[in-house]
Amino acid sequence: MAQVLVVVDAVPGPDSSGGVVRKASLELLTLARRLGDPVAVVFGSAEGAEAPAALAEHGAVEVVLVGGSDVTDHLVAPKAEVLADLVAERSPAAVLLPSSPEGKEVAGRLAIRSGSGLVTDAVDVTLEGEQVVATKSVFAGSFTTRCAVTRGTPLVAVKPNSVAPEPAPAAGTVTTLTPTVSEQAKAARIVERTDKAATGRPDLAEASVVVSGGRGTDGDFSAVEALADALGGAVGASRAAVDAGWYPHSNQVGQTGKTVSPQLYVAAGISGAIQHKAGMQTSKVVVAVNKDEEAPIFEMADFGVVGDLAAILPKVTEEVARRKG
């Protein structure tokens, strides 16, 4: 079978090592097995990395560990250059990447370097005959499209939570690369790294449950956070809440924030403007809580509650805790 390159998103370990693989990358391996033999590409030092074993457990026939200062000390351009060389060398059936801000930037640069077509924000990938077909939602979820790349190697950036990761042990042969990239690719250098403060909650982009608050919180996110913690989910925020300084921009969901695709999305005090819908339109189940029964969010909600979130969310949190206990 043809190879399928899977770009792995890993939490950096000590000294920028490959670290712990994010769930979204295990989902990509599950999808890749539909198309061919998955080859996982991990950027970072191989020393102390936990990635190879986890990737092999989920179907990677080979794990390519790409290290060296030319890659780890610079931004996305070196990654695109290395991937372009791998595409030229191996002629894979497809390249799957995480549909994160960095993943999409790498994918765009790779598309130009390899002369290939690109589909971003896909929620499914299948092989029909010899053609790779990606499914995605557009226009705030109003339409579902099926796309096929007609030029070069199909490049597909896939949203987290698009498929459940399924173990399928494979060889996981480890190949180590220490490439030398062009001076042009090293134009932007990383001068400082700051660790993200630990909250104990899952990463917003790949959380299976997201509870978001908006203007209706009046700046008090305590009820939103309590429900998210009870459900083991992440906390999101609308642009209005972020612009008001109530919550960090890193938690913003929407067109100018992060795109999420959880199994459950709770929108508390969020009107549901088109910009917000663009960031959560592929959520499997949407629950809306809003005092305004005419709020646009109810148009796309599977379940809606008209009322004050400050009174409703604590009761839901209590019930969740009761059922857990």
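Going by the structure above, here's the rest.
Quick caveat, the model's predicted, so the values are computed rather than measured. One numbering rule holds for all chains: residues counted from 1, following each sequence as written. Selection of residues for local features in this predicted model requires a pLDDT of at least 70, selection of side-chain atom pairs for listing and counting requires 80 or more, and totals for whole chains, interfaces and linings are taken over all residues. Excluding hydrogens and water, the side-chain values take into account all heavy atoms of the structure.

## Some remarks on the sheet that holds strand β8 (residues 124-128)
Which entries qualify depends on this criterion: Pairing between strands is defined by DSSP: at least two bridges between the two strands are required. By definition, any uninterrupted DSSP run of H or I lasting at least four residues is a helix, any uninterrupted run of E lasting at least two residues is a strand, and each is numbered from the N terminus. Inter-axis angles, ranging from 0 to 180 degrees, are taken between N-to-C directions of lines fitted to C-alpha atoms, where helices are fitted over the stretch in contact.
Read across the open sheet, the three strands follow the order β8-β9-β10; overall the sheet is antiparallel. Of all strands in the sheet, those with a lone pairing partner are β8 and β10 (143-148), marking the two edges. If you compare each strand with its neighbour and ignore which way they point, the axes differ by 30 degrees on average. Bridge count between strand β9 (residues 131-138) and β10: six bridges; the pairing is antiparallel. Considered in β10, the bridge of Thr-135 is made with Arg-146.

## Quick word on the nonpolar core
Test applied: To qualify as a nonpolar core, a set must consist of buried Ala, Val, Leu, Ile, Met, Phe, Trp, Tyr and Cys residues joined through side-chain atoms within 4.5 Å. Each residue is assigned to one of three classes by its accessible area relative to the maximum for its type, calculated with a 1.4 Å probe on protein chains only: buried under 20%, partly exposed between the two thresholds, exposed over 50%. Whether two residues are in contact is decided by their heavy atoms: any pair within 4.5 Å suffices.
Leu-55 and Leu-96 are the most contacted members of the largest nonpolar core, which totals 28 residues. No other element matches the five residues that helix α1 (residues 23-32) contributes to this core. If we skip the residues at most four places from it in the chain, Leu-96 touches Val-4, Leu-5, Val-6, Val-7, Leu-28, Leu-31, Ala-32, Leu-35 and Val-156. Leu-5, Val-7, Leu-110 and Val-181 belong to the second-largest nonpolar core, a separate cluster that totals 25 residues.

## A look at the packing of aromatic side chains
Describing an aromatic ring pair means giving the distance of the ring centres and the angle of the ring planes. Rules: For Phe, Tyr and Trp, where Trp contributes only its six-membered ring, two rings pair if their centres lie within 6.5 Å, and the inter-plane angle classes them as stacked under 30 degrees, edge-to-face over 60, or tilted in between.
If you walk through the whole model with that rule in mind, you get one aromatic pair. Ring centres of Phe-221 and Tyr-247 lie 4.4 Å apart, and the angle between their planes is 25 degrees; this geometry places the pair in the stacked category. Within this pair, whereas Phe-221 is found in the loop between β13 (209-213) and α6 (222-231), its partner Tyr-247 is found in the loop between α7 (239-243) and β15 (264-268), the two being separated by 26 residues in sequence. The exposure classification of Phe-221 matches that of Tyr-247, with both residues buried.

## Describing the pattern of salt bridges
Our working rule: Here a salt bridge means any side-chain nitrogen of Lys or Arg lying within 4 Å of a carboxyl oxygen belonging to Asp or Glu.
According to the stated counting rule, one finds 17 salt bridges in the structure shown. Between Asp-124 and Arg-34 there is a salt bridge whose closest N-O contact spans 2.7 Å. Here the residue Asp-124 occupies a position in strand β8, and Arg-34 occupies one in the loop between α1 and β4 (37-43), the gap between them amounting to 90 residues. For Arg-34, a relative accessible area of 37% gives the class partly exposed. A single salt-bridge network, built from bridges that share partners, covers Asp-70, Glu-183 and Lys-186.

## Digging into the packing of α6 against helix α10 (residues 309-324)
Applicable threshold: Roughly parallel here means an angle under 35 degrees, roughly antiparallel means over 145, roughly perpendicular means 65 to 115, and every remaining angle is called oblique. Left-handed is the label given to a crossing in which the near helix is rotated counterclockwise from the far helix by less than a right angle, and right-handed is the label when the rotation is clockwise. When residues are grouped by polarity, Ala, Val, Leu, Ile, Met, Phe, Trp, Tyr, Cys and Pro land in nonpolar, Asp, Glu, Lys and Arg in charged, and all others, Gly among them, in polar.
The contact between α6 and α10 brings their axes to 9 Å, and the two run at 20 degrees. Of the possible angle classes, the one that applies to α6 and α10 is roughly parallel. Crossing geometry of α6 relative to α10 is assigned as left-handed. Taken together, the residues of α10 that come into contact with α6 (itself represented by Ala-223, Val-224, Ala-226, Leu-227, Asp-229, Ala-230 and Leu-231) are Leu-313, Pro-314, Val-316, Thr-317, Val-320 and Lys-324. For the contact of α6 with α10, the residue count by class is 10 nonpolar, one polar and two charged.

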